[in-house]
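Take a look at the letters that make up each chain.
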Amino acid sequence: MSKMLSVENLSISFRTDEGVITPVQGVTFSVESGRTLGLVGESGSGKSISTKALMQLLPGSAVLGADSRMTYTDKSGKEIALGHMKHGSKELRRIRGGEIGMIFQEPMASFSPVYTIGNQMMEAIMLHRGLKKREAREYAIEMLNKVGISNAAARVDQYPHELSGGMRQRAMIALTLSAGPALLIADEPTTALDVTIQAQVLDLMRDLQRELGMGMIFITHDLGVIAQIADDVAVMYLGTIVERGPAKEVIRNPQHPYTQGLLDAIPSLDHLHDRLKPVPGDIPSPTARPKGCPFHTRCAQAISGTCDVQEPQETSPLPGRAVRCWLHETKSRSAA
Amino acid sequence: MLRFTLERFAGMVVTMLLVSVMVFLIMEIPPGDYADRYAFRKYSGTGVNVTEADIEAIRRDLGLDKPMLLRYFDWIGGIVLRGDFGQAFAFETSVTKVIGDKVWLTAGILFSTLLLTYLVSIPIGIYAAVRRGSAVDYGLTVFSYLGLALPNFLLALVMLYFANRWFGADIGGLFSDQYRDAPWSLAKAWDMAKHLWLPAVVLAWSAVAYQIQTVRATMSDELNKLSVTAARARGVPEMKLLVKYPARLAINPVVSTIGFDVNRIFSELPIVAVVLGLTELGELLLRAYLDLDMNVAGAILLLLTFAIVFMNFVSDLLLAWLDPRIKLGV
Amino acid sequence: MTDATHQMDDLTAAEARERAAQLKYYSASQWTLIWWRFRRHRAAMIAAALLGVMALAGIFAEFVAPYGPVTRDTQYIEGGPQIPKFCDEGGCSFTPFINGTKTERDPVTLRAISVPDPEVRHYLQLFVKGETVKLLGFIPIDRHLIGLSPDVDQKIHFWGTDDLGRDVFSRTVYATRTSLSIGVLGVLISFVLALIIGGAAGYFGGMIDNVIQRVTEVIRVVPIIPLYMGLAAAMPKEWSTTQVYFAMTLILGLFGWPTLARRIRSQLLSIRNEDYVVAARLAGARPGRIIAQHMLPSFTSFIIVDLVISFPYMILSETALSFVGLGLRPPSVSWGVLLQQAQSVRAIEQTPWLFIPAVFVVVAVLAFTVIGDGLRDAADPYAETH
C-alpha cells in the first residue's frame, strides 16, 4: 500500500482582533490508500481546521506555517503540494471534489435548500466526470441507489428538506462520492444522526470505502466510532497530535494520559454500575494555550517543573506508535 | 402552489377592502363637505349668491345626505363595478378623466425606479459582502447611511441643478414641450424615456441605500453557510458558486420587500414630483389635497395603496417560486 | 501575617487590577454594561455629542440665536454668509471680526447690493446685549451668546439672510427646536400607542391579536407621506401656529406606531407563558401591571433602540410635509419651513446658504441612525467580545 497523503509539521495560525492564535501546531500524519485514518479529539482541538487546510477551505486570515508540508499523490501518481495552489486554478478545483471529497457533520446545512438533490449531484458529476446532463442524471440515480436510498429515481428530484436526516447524509455521501474522489474526508458525518442510523451510515461508509478502495480521514470525538471504522488513529489535543498508531493497538494499550482519559470516559457494558469518568477540567481556550505540554493542566500524572515548562517531543515507546508525553520521554531517557 | 396562491389572493382582497374603508374615512375628515366646497368652487366670484337651500339641493343631488355607510358602498361600488371614482369638483369632470393616463405615467416611473433599484443594489450588495471589510465595503456603508439621511426633495433639487447644467434646461418634467400635449406616439414615448431617468434616480436613491444593506447582510450570512463551503469543497468554480448558492438566496429578502419599496417610492413621489415638475399621480395627489378635492385625493390614495397591496401579493408568489421551502411551510 | 494577606502579596499589581476589573464587570447592571459598550462605539459617541449640541442650541434658542426668527434686516437682504475672520488687508487681530458693508449699485443689473467695506471692522463679542426675548418662554433676557456690539448699526449674519432679510442662522437655531421637539413628541405619542396596541395584542393574543394585526397591516400598507398629507390637509386653514404644531405631532405620532407595536407584540407573545409571568397572573396581578412590571423590562433595550431609529422618519416626514406646504406654516420655523424658500434650482444658484437647514436635517437623521446602531450593538448581549 502506498502513502497517498503525507502531512508534515502542519501549523495554522489566524490573525484575529485579539492577536494571532495558532489552533494547529506541528501536526504530522499520513494516509495510505485503501486505509482509514481516524482523527480524534474534543471540539476545538484543530481536527477540522487541519483537514480544511488540505483543501484550502480556510478563510483568508489563516496562515500556514513556513515549514508545513502537505503532499498528495493523485490518481495518476503525480505529487501535488497542497495548500499553495492558486485560487480559482483548475488544479485546485480538480483536487476539490475530484481527488479529495469532503462530508460534513450537518447534512441539512451541507445541501443548499433551494436546489434539488439531483441538481446538486449533477453539478458535481458534470464538473468532475465530464458527463452530459442526461448521463449525469442517470449516474446520480445510480449513486443514490448505491448508498441505499430507495426509489432513487423519484428522490433525485426532491429537495433536501423532503428527506429524513439519515437519508440526507446518505445523499450527501452519494453526492461526494459521485465526483470520484480517491481520498474521502468525513468530518463527524454521524454526529448529528440518531444512534441507530449512525451505525447504518458507518457501515455504509466502511463498505463503500473498501469497495472503491479509497483512502479516508474520519474525524470524530468518539473513540468508539474509531474502533469500528479506522485502521489508524491520531489523537489530537489543542492543535497537536498527542498519540498516533494502529487503531486497535492504541485502543487496547493507550500510552498518552489523554487517550487513557478518553477511553475511560466511554461507557462500558461490563461496568454499567460504575460512574463515568470524564477527563477532568475544560479544554483551554486557543488564545490561552498553556505553556509546556498543552495537556498538563488536566493531567493527573503531570510532572511539575517539566510538563509545565517545556513541550515534549514525539517519541516511539512501542513499534509503530508515536506519543508526545514527558512520561515516555523520561522513561526512554532513563532506559538509555 | 394553487392553494398557496388562492390563500394569498384572499388575503389581498381582504386587505384591499380594509384599505378602502380607511381611505374613505380620510376623505371624510376635512371640515365641511363636498357640497360646500362644490358650491364655493362653482359660484365664488361669479356674483351668484348661494344660500343654504342651494347647498342642500346640491347635497341631495350628489347623494351626500345619505348615511356614511351607504355613501361608502356607493363609492366603492362605483369603483369596483363601473370604474367610476366620482366627480372631481376642482376640474368639473369625472375623477377617472382627471386621473386618466397619469396612471400609466406613474406606473412607468414606478417600474423604471424598481428596475433601477434592483439592477444597482443587488450586484453592489453582493460585491460588498464578498469584499467585506474592504475600502469599497466601507464606502458603500457610508453611502447607505447618507442615502437614507438625505431628504429626497433635496436630492431632487441637486440632481435637477446638475442635470440642468450638463444636459440643458429641458430636463425637468416628464416630457419636452413639444410632446406634452401631443397624442401618444413612439417619439413621445422615447421623449418620456429620456426624462424618466432623473425621477427614477432620485426615487431609487434611498431604496438602493436600503437594499444594498439588506443584500449585504443576507449575503454575508449566506457566505458563511456550510452549503457554500460544501460546494466549494466539491470544486464548483468560485463565480458560479457565488451566483448559484449564496446570491440566489441573498435576493430573497429583496423580493420579499418589493411591496415595501413600492410603498417607499409612492411615499416620496408627491414631494419629488413637486420639485421635478412631474405630472403624474403624486403631484396630482398633492394638488388635490391642497385644494381639498377629496374625491381625487381618495381615488389616488386608493390606487397607490392597491398597487402596493398587489405588489405584496406578487412578491409573495415570487418568493414562493424562488424558495421551495415557503410553499411547503417548512 | 495571615494567609490571605500573604496571598495578596503574591499577586502582581497587574493581576490584581485585572481581577478587580473582572469583578466590576460581572457585578455591573445591565444598563451599566450597555453604557460601557456604547462608549466604545466611537461613531455613536460623536453622533450623540452632535445631537446633544443641537438639542442644547434648540432648547436655548433665544440665547444662542443673535436675533429673533422673524427679525428683519432691511440693510442686508438675500445677503451671503458673513464668516468671521482674524485677518484682512489691515492686519490681524486676536478677536474675530467682520468687515462692515456699504451699499452699491450692481454695475450690470443696477440693483442695490451690499458689498463688504474693508475700511470698517466690527469685532465679535460674547454675551452681547440685544433684543429682549423670553428664554424657554418665560425668563426675559437681553443677552445673546454671540453677536456684534449694540452700538454698531450693523448685524452679523453668519449664514446669510433670506429674501426678507431674516437671519438664516437664527432661524435655523429656532427651527432646530421645533423640528427636534416635533420628533420627540411624535415618537412619544407613537410609543404610547404602540405600547397600548402592541401590549394588548401580545398579552391577550387570540381574537384581539388577530384584529389588531389586520389593522396594523392596513396602516403599514398605505404610503405614509400621502397618508400624513391627507390628514394634514384636513387641518383648518385658520388654525393658529400652536394648533398646527400640536396637530402635526399628533398626525406623525398617530401612524408611527405599527413597527414598534409589532416588536412589542412579538416580544410579549414569546414570553407570555414564561413561569414568572404565569406566576404574576396567578397571584392576581392586573394585565397592565404584569406587562409593565414583569414583561417590559426584559426587552426595554430593544424598545429604546427602536424608538431612537424611528426619529429619522418623524424628522424627515415633518420636513417633507412642511416643504410642500402641508405641514407647519410660516411664521412657524422648522427645518421644512425654512427649506420651502429653497424649492427651486434658482435658489441653488443664487442663495445656496438657504440650504443650510438641510445640513441639519441630514446630520440629525444620520446621528439618530448611528446612535441607534450603536445602541443596538451595545444592547445585544451576544455581541460581547470580552
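Since the structure is predicted, the reported quantities are computational estimates derived from the model, not experimental observations.

Draft legend 1. Here's a closer look at the overall build of chain B. Looking only at helices and strands, one finds 16 helices and two strands in chain B. Counting every position in chain B, which comprises 330 residues, the buried fraction comes to 51%. Intrachain contacts of chain B at a sequence separation of at least 6 include 74% that bridge at least 24 residues. Total accessible area computed for chain B in this model is approximately 15,100 Å², and 66% of it derives from carbon and sulfur atoms. Computing the positive centroid from 29 side-chain charges and the negative centroid from 29, chain B places the two 12 Å apart.

Draft legend 2. Inspection of the domain arrangement of chain A at higher detail. Residues and elements named next belong to chain A. With domains assigned, chain A is organised as domain 1 (1-99 + 182-290) and domain 2 (111-180). The distance between the C-alpha centroids of domain 1 and domain 2 comes to 26 Å. With 19 residues of domain 1 in contact, the opposing surface of domain 2 contributes 12 residues. Of the roughly 1,200 Å² buried where domain 1 meets domain 2, counting both sides, 68% is carbon and sulfur surface. Contact with domain 2 buries area across many residues of domain 1, yet Leu-184, Leu-204 and Leu-208 alone supply 33% of it, more than any other trio. At the boundary of domain 1 with domain 2, the tally comes to one salt bridge. Between Glu-211 and Lys-146 there is a salt bridge, and its shortest N-O distance comes to 3.2 Å. Of all the secondary structure elements, the ones that give two or more residues to the side of domain 1 that touches domain 2 are helix 2 (90-99) and helix 8 (195-212).

Draft legend 3. The arrangement of the nonpolar core in detail. Within the largest apolar cluster, 183 residues are counted, with the highest numbers of intra-cluster contacts made by B:Trp75, B:Tyr289 and C:Trp335. What B:Tyr289 contacts, discounting residues up to four positions off in sequence, is B:Met294, B:Ala297, B:Leu301, C:Pro226, C:Met229, C:Gly230, C:Ala233 and C:Leu326. Residues A:Leu58, A:Phe104, A:Leu193 and A:Val201 belong to the second largest nonpolar core, which totals 94 residues.

Draft legend 4. Seen up close, the confidence of the model for chain B. Per-residue confidence for chain B gives a mean pLDDT of 84, with 92% of residues at or over 70. In the predicted assembly, ipTM is 0.85 and pTM is 0.81.

Draft legend 5. Examining the packing of aromatic side chains more closely. Applying the stated criterion across every chain yields a total of 23 aromatic pairs over all chains. Ring geometry for B:Phe24 versus B:Tyr72: centroids 5.4 Å apart, planes at 70 degrees, classification edge-to-face. Remark: B:Tyr72 occurs in helix 4 (residues 68-82) and B:Phe24 occurs in helix 1 (residues 2-28); sequence separation between them is 48 residues. For the pair B:Phe24 and B:Tyr72, one class covers both residues: buried. Each ring, one from B:Phe153 and one from C:Phe323, has its centre 3.9 Å from the other, and the planes form 15 degrees; the classification is stacked.

Each value, and the rule that gives it
Residues numbered from 1 in each chain as written. Chains lettered and ligands numbered in written order. Predicted model: local features only at pLDDT ≥ 70, side-chain atom pairs only at ≥ 80, totals over all residues. Heavy atoms only, no water. Helix = DSSP H or I, 4+ residues; strand = E, 2+ residues; numbered from the N terminus. Buried < 20%, exposed > 50% of the residue type's maximum accessible area, 1.4 Å probe, protein only. Contact = heavy atoms within 4.5 Å. Areas by Shrake-Rupley, 256 points an atom, 1.4 Å probe, with all protein chains shown as cover. Lys, Arg positive; Asp, Glu negative; His and termini not counted. Charge placed at Lys NZ, Arg CZ, Asp CG, Glu CD. Domains from an automatic or database assignment. Buried area = accessible area lost by both parts, 1.4 Å probe. Salt bridge = Lys/Arg side-chain N within 4 Å of Asp/Glu carboxyl O. Core = buried A, V, L, I, M, F, W, Y, C linked by side-chain atoms within 4.5 Å. pLDDT = per-residue confidence, 0-100. Phe/Tyr/Trp six-rings, centres within 6.5 Å; stacked < 30°, edge-to-face > 60°.

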